[in-house]
Structures are given as structure tokens and as C-alpha cells.
Amino acid sequence: MHDGQNVVNPETSFLGVDWGLDESLVAGAAAGRLQEFIAVLVWNTPQRLQEYMPAEALRWLTTQQQCWYDRVEDRYYNPTSDAYLAMLVQELKRYVDQHYRTLPAQQHTAVMGSSMGGLVSLYALQRYPEVFGAAACLSTHWVPGGGLPVAWLAQGNIPDPATHRIYFDHGTEGLDSEYGPYQKQVDQLCKAAGYTEGVNYSSVVFPGETHNELAWRKRLHLPLEFLFGA
């Protein structure tokens, strides 16, 4: 899980509210709704935007018209997401698999995040399809460059629906209010690629919810059950 400092500890979480992953995991397992799983919480760094912005999207941008450059904010340039994902796969996952009781295969390995963390979670499926079998992308931040990540996905970069599962959601208030039109485009792209709602795909809207840890905490059980439902 990306932004790991926000997931279980209110003292380290942004605005002092965490996702409540530990409570959701215990409650879901006790109710028979969740399988047992190991959650690996990766803290972000001051270079969060560069680490989470899909580098391939910006590389694709270099082949497009110059007008696209003017639509991408400077803070998203020089992404390091390829190095970040390589670290997760080649160092962190390898260490966890060697030292803990894991099921290391692709179908048992998922990635989750919110906002830019949702974006890099989807990128992880595209970049390492043999490693990650599913992604949960909460309040995915599609807006860089006026939807550049969506335009890049449309170039044949949707993960294979035969071997992957994807969860998306967003609210309707605050920053989340900008996501609806982009998410509808992504839903159409994924449906055209072969994903089926309720089978290997879920896209949910939460009216009245905004863009923060409290909102994600309230609905965390849904992506967890999508990824690791009993």
C-alpha cells in the first residue's frame, strides 16, 4: 500500500486520521469476509508526485503534439515511478517473500493506493503484470495534463483482463469532484478491453464524499473485499 504512513497510525497520518486498515482487516476476517493477508505499508517521500506519476505516460507524451506539454504541470515532470516500482518488486517484495509466510504468486499479490497512489497502483499492473494480479485505486488522480494518464491508457495500456482485476472509486466533493468525467472514460476503456463489472472490475461513486483519509477509511472494506474477499 502506498502512502503507508497514513494507513494504520493517526499520529503519522495526514490530518491525524488514518485509514483504519488494522481495524478493517480484523473485523473482515472475524466476519468471514476477508482472507488472511500481509499488508506492506510503504511510506511516501517528499518526491511523492514524481514517484507516483506514471513515467510511461510522459514518455508517450514526447511523441505527441507540443500543446500537451503546456497542459502538464511542472511538478509532474522528471518522474521516478519506474525506479520506485522496481524497488517494490526487486527489493521489497523479494525481502518480504523471503522472510514472511507469503503466497508470492501474481494472483495473490495486489497493490493499493489513493489519489496519486491510485494512479501508480494501476501503473504497477501495467509495468509488472507478472507480479501484480490486482489493484485498488481509490480517488484516482487522473487530472495531470487535463487527463494525460487516461489518454495514455487508451493507447493499448490497459492491463490484461484475463489475468488482472481492478477496483476504482471516487467521491463527488472537493478534489474528487474533478474525477467523474475521467473515470467514466476509463470505465469505457476497460469495458472495451474485456473487463466485466462485478467479475474482475468494480467502479463505484460515493456521493457526498471528499478527498481525504476519513473518506477512504469509511469505505476501505470494499476494496479489501474486492482484492482479498473470502
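Look above for the structure.
Residues numbered from 1 in each chain as written. Predicted model: local features only at pLDDT ≥ 70, side-chain atom pairs only at ≥ 80, totals over all residues. Heavy atoms only, no water.

### Quick notes on the sheet that holds strand β1 (residues 110-114)
The condition that has to hold: Pairing between two strands requires that DSSP report at least two bridges joining them. In DSSP terms, a helix is any run of H or I states spanning at least four residues, a strand is any run of E spanning at least two, and both are numbered starting from the N terminus. Axis lines are fitted to C-alpha atoms, over the contacting stretch for helices. Their N-to-C directions set the angle, which ranges from 0 to 180 degrees.
Judged by pairing direction, the sheet is parallel, and its 4 strands sit side by side in the order β1-β2-β3-β4 without closing on themselves. In this open sheet, the two edge strands, each paired with only one partner strand, are β1 and β4 (201-206). Direction aside, the axes of adjacent strands within the sheet are offset by 5° on average. Direction of pairing for β1 relative to strand β2 (residues 134-138): parallel, over a ladder of 5 bridges. Each bridged residue has a counterpart across the sheet, and for Ala110 the counterpart in β2 is Ala134.

### Comments concerning empty space enclosed by the protein
In plain terms, the rule: Cavities and pockets were defined on a 1 Å grid built from protein atoms only: a cavity is a group of points that admits a 1.4 Å probe but offers it no way out, a pocket is an open group of points flanked by protein on both sides within 12 Å along at least five of seven lines, and a lining residue is one with an atom within 4 Å of any such point. Grid points are joined across faces, edges and corners, and a volume is the space filled by probe spheres set on the points. Under the scheme applied here, ten amino acids are nonpolar (Ala, Val, Leu, Ile, Met, Phe, Trp, Tyr, Cys and Pro), four are charged (Asp, Glu, Lys and Arg), and all others, including Gly, are polar.
Applying the stated rule across the entire model yields 1 cavity of 30 Å³ or more. Taken as a whole, the largest cavity spans an internal volume of roughly 40 Å³. Lining of the largest cavity is provided by Pro54, Leu119, Leu122, Tyr123, Trp142, Pro149, Trp152 and Leu153. Sorting the residues of the lining of the largest cavity by element identifies α5 (116-127) and α6 (148-153) as the ones contributing at least two each. Taken together, the residues of the lining of the largest cavity break down into 8 nonpolar, no polar and no charged.

### Some points on the packing of aromatic side chains
What counts, and what does not: Centres within 6.5 Å are what make two rings of Phe, Tyr or Trp a pair, Trp counting through its six-membered ring; a difference in plane orientation under 30 degrees is then read as stacked, over 60 as edge-to-face, and the rest as tilted. The classification of residues rests on relative accessible area computed with a 1.4 Å probe and restricted to protein chains. Under 20% of the type maximum is buried, over 50% is exposed, and intermediate values are partly exposed.
Counted under the stated rule, the structure contains 8 aromatic pairs. The interplanar angle of 45° and the centroid separation of 5.7 Å between the aromatic rings of Trp19 and Trp216 together place this pair among those described as tilted. Of the two residues, Trp19 is situated in the segment before α1 (21-30) and Trp216 in helix α8 (residues 213-219); the sequence distance between them amounts to 197 residues. Trp216 sits in the buried class, given a relative accessible area of 4%. When the centroid spacing of 5.7 Å and the interplanar angle of 55° are considered together, the rings of Trp142 and Phe168 count as tilted. Placement of Trp142 in the loop between β2 and α6 and of Phe168 in strand β3 (residues 165-171) is noted, with a sequence separation of 26 residues between them.

### Considerations on α5
Heads up, the condition is: To estimate how far a helix should reach, multiply one less than its number of residues by 1.5 Å.
Look at α5: 16 Å from first C-alpha to last across 12 residues, which is about the 16 Å you get at 1.5 Å a residue. Across the 12 residues of α5, 10 count as buried, placing the element largely inside the fold. Where α5 is concerned, the buried positions are Met116, Gly117, Gly118, Leu119, Val120, Ser121, Leu122, Tyr123, Ala124 and Leu125.

### Here's the deal with the nonpolar core
Short version of the rule: Definition used in this section: a nonpolar core is a set of buried Ala, Val, Leu, Ile, Met, Phe, Trp, Tyr and Cys residues joined via side-chain atoms within 4.5 Å. The contact definition used throughout considers only heavy atoms, calling two residues in contact when any of these lie within 4.5 Å.
Leu85, Phe132, Trp142, Phe168 and Val186 are the most contacted members of the largest nonpolar core, which has 42 residues in total. Of all the secondary structure elements, the ones that give two or more residues to this core are α3 (55-61), α4 (81-99), α5, β2, α6, β3 and α7 (180-193). In terms of residues, this core owes the most to one element, α5, which gives 7 residues. Among residues more than four places away in sequence, those in contact with Trp142 are Leu119, Leu122, Gly147, Leu148, Pro149, Val150, Leu153, Phe168, Tyr179, Tyr182, Gln183 and Val186. Judged by nonpolar contacts, the second largest core, of 18 residues, contains Trp19, Leu34, Ala134 and Phe206.

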